[in-house]
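# Residue-level structure breakdown
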Amino acid sequence: AQSVAQPEDQVNVAEGNPLTVKCTYSVSGNPYLFWYVQYPNRGLQFLLKYITGDNLVKGSYGFEAEFNKSQTSFHLKKPSALVSDSALYFCAVSGVLTGFQKLVFGTGTRLLVSP
Amino acid sequence: GAGVSQSPRYKVAKRGQDVALRCDPISGHVSLFWYQQALGQGPEFLTYFQNEAQLDKSGLPSDRFFAERPEGSVSTLKIQRTQQEDSAVYLCASSSDPQVGTQYFGPGTRLLVL
């Protein structure tokens with residue numbers, strides 16, 4: 001079965017410091033990987049995705065993620081955090097077994113950026 | 001630009017009532033998805049439409065849950081005889097590419113069953 005693990009419930013970082021939100025996945029075959037962000041009382045906003053090609057993916061708001069096949073990871077990163085980045089972040093995967101249309105989400109990581 | 005819209009944003013129902021949740025996808029998007037997000041959890045897939053065809057309903061938790069998209073645009077998720085465990089946020093998403101297009105989510109409908 002396909003699954004996503006986000007090992008940290010919360011990540012704390014000071015404004016201006018780099019941030020990393022971790023994600024590992026389990027899927028048969030090649031994965032499609034996604035990061036979404038959720039602000040309070042709002043839906044999920046798409047940040048970036050990896051389908052194929054370059055392992056380093058750049059997305060919205062200065063975020064990037066690196067696909068590592070050997071470690072089955074897709075960690076989200078940003079060189080310099082902003083207070084406004086504080087939100088709930090979800091990693092998701094799709095693949096051939098469940099159909100590429102069906103996203104399987106992790107449980108989310110709350111990012112708290114302090115001034 | 002116009003995104004995915006959902007109504008109502010909040011719904012309180014008494015146990016046993018039927019509810020209907022509406023989703024208006026981004027114009028022209030052929031694929032439409034419903035997810036259920038319980039408190040403190042990630043979204044879980046319920047069902048998927050390509051145009052008016054419901055191609056996957058494997059995530060619907062029981063036969064009390066029913067979704068339709070009769071004209072290939074607006075979709076309705078109906079829950080009959082609601083139970084307390086149905087309390088969750090119901091998210092709708094749409095995509096322009098049925099193969100691997102990015103899914104764009106609406107703000108969700110928060111359902112509370114008393």
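First, a word on scope: everything that follows refers to the structure included in this document.

What counts, and where the lines are drawn
Each chain carries its own residue numbering, running from 1 in the direction its sequence is written. All chains are assigned letters beginning at A, and all ligands numbers beginning at 1, according to the order in which they are written. For a predicted model such as this one, the threshold for reporting local features is a pLDDT of at least 70, and the threshold for listing and counting side-chain atom pairs is 80 or more; totals across whole chains, interfaces and linings nevertheless cover every residue. Calculation of side-chain values draws on the structure's entire complement of heavy atoms; hydrogens and water are dropped beforehand. Nonpolar cores are built from buried Ala, Val, Leu, Ile, Met, Phe, Trp, Tyr and Cys residues. Side-chain atoms within 4.5 Å join them into one set. Accessible area is worked out with a 1.4 Å probe on protein chains only. A residue is then buried under 20% of its type maximum, exposed over 50%, and partly exposed in between. What counts as a helix is a DSSP run of H or I of at least four residues, what counts as a strand is a run of E of at least two, and both are numbered from the N terminus. Pairing of aromatic side chains requires ring centres within 6.5 Å, counting the rings of Phe and Tyr and the six-membered ring of Trp. Pairs whose planes differ by under 30 degrees are stacked, by over 60 edge-to-face, and all others tilted. We call a pair of cysteine sulfur atoms a disulfide when they lie within 2.5 Å.

### Re the nonpolar core
Counting 28 residues, the largest nonpolar core has Trp35(A), Leu47(A), Leu48(A), Phe74(A), Leu76(A) and Tyr89(A) as its most contacted members. Breaking this core down by element, the ones donating at least two residues are β2 (10-14), β3 (19-21), β5 (32-38), β6 (44-50), β8 (64-68), β9 (73-78), β10 (87-95) and β12 (109-114) of chain A. Examining the composition of this core, we find that four residues originate from one element, β10(A), more than from any other. Listed in part, the 20 residues of the second largest apolar core include Val19(B), Leu21(B), Ile26(B) and Cys92(B).

### Considerations on the packing of aromatic side chains
Residues and elements named next belong to chain A. Tallied over the full model, the rule gives 15 aromatic pairs over all chains. Taking 4.2 Å as the distance between ring centres and 20 degrees as the angle between the ring planes, the aromatic pair formed by Tyr50 and Phe67 counts as stacked. Remark: Phe67 occurs in strand β8 and Tyr50 occurs in strand β6; sequence separation between them is 17 residues. Neither Tyr50 nor Phe67 differs from the other in exposure class; each is buried.

### Re the state of the cysteines
Simply put, disulfide is the name for a covalent bond between the sulfur atoms of two cysteines. Counted under the stated rule, the structure contains two disulfides over all chains. The side chain of Cys23(A) participates in a disulfide bridge whose partner is Cys91(A); the two sulfur atoms lie 2.0 Å from each other. Where Cys23(A) bonds to Cys91(A) through sulfur, the torsion about that S-S bond is close to -60 degrees, and the disulfide is left-handed. In this pair, Cys23(A) sits in the loop between β3 and β4 (24-26) while Cys91(A) sits in strand β10, placing the two residues 68 residues apart along the sequence. Disulfide pairing is shown between Cys23(B) and Cys92(B); the S-S distance is 1.8 Å. In this structure, the disulfide formed by Cys23(B) and Cys92(B) twists by about -65 degrees around the S-S bond and is classed as left-handed. A residue pair is termed long-range when its members are at least 10 positions apart, and Cys23(B) in strand β3 (residues 19-24) and Cys92(B) in strand β9 (residues 88-95) qualify at 69 residues. For the pair formed by Cys23(B) and Cys92(B), the shared burial category is buried.

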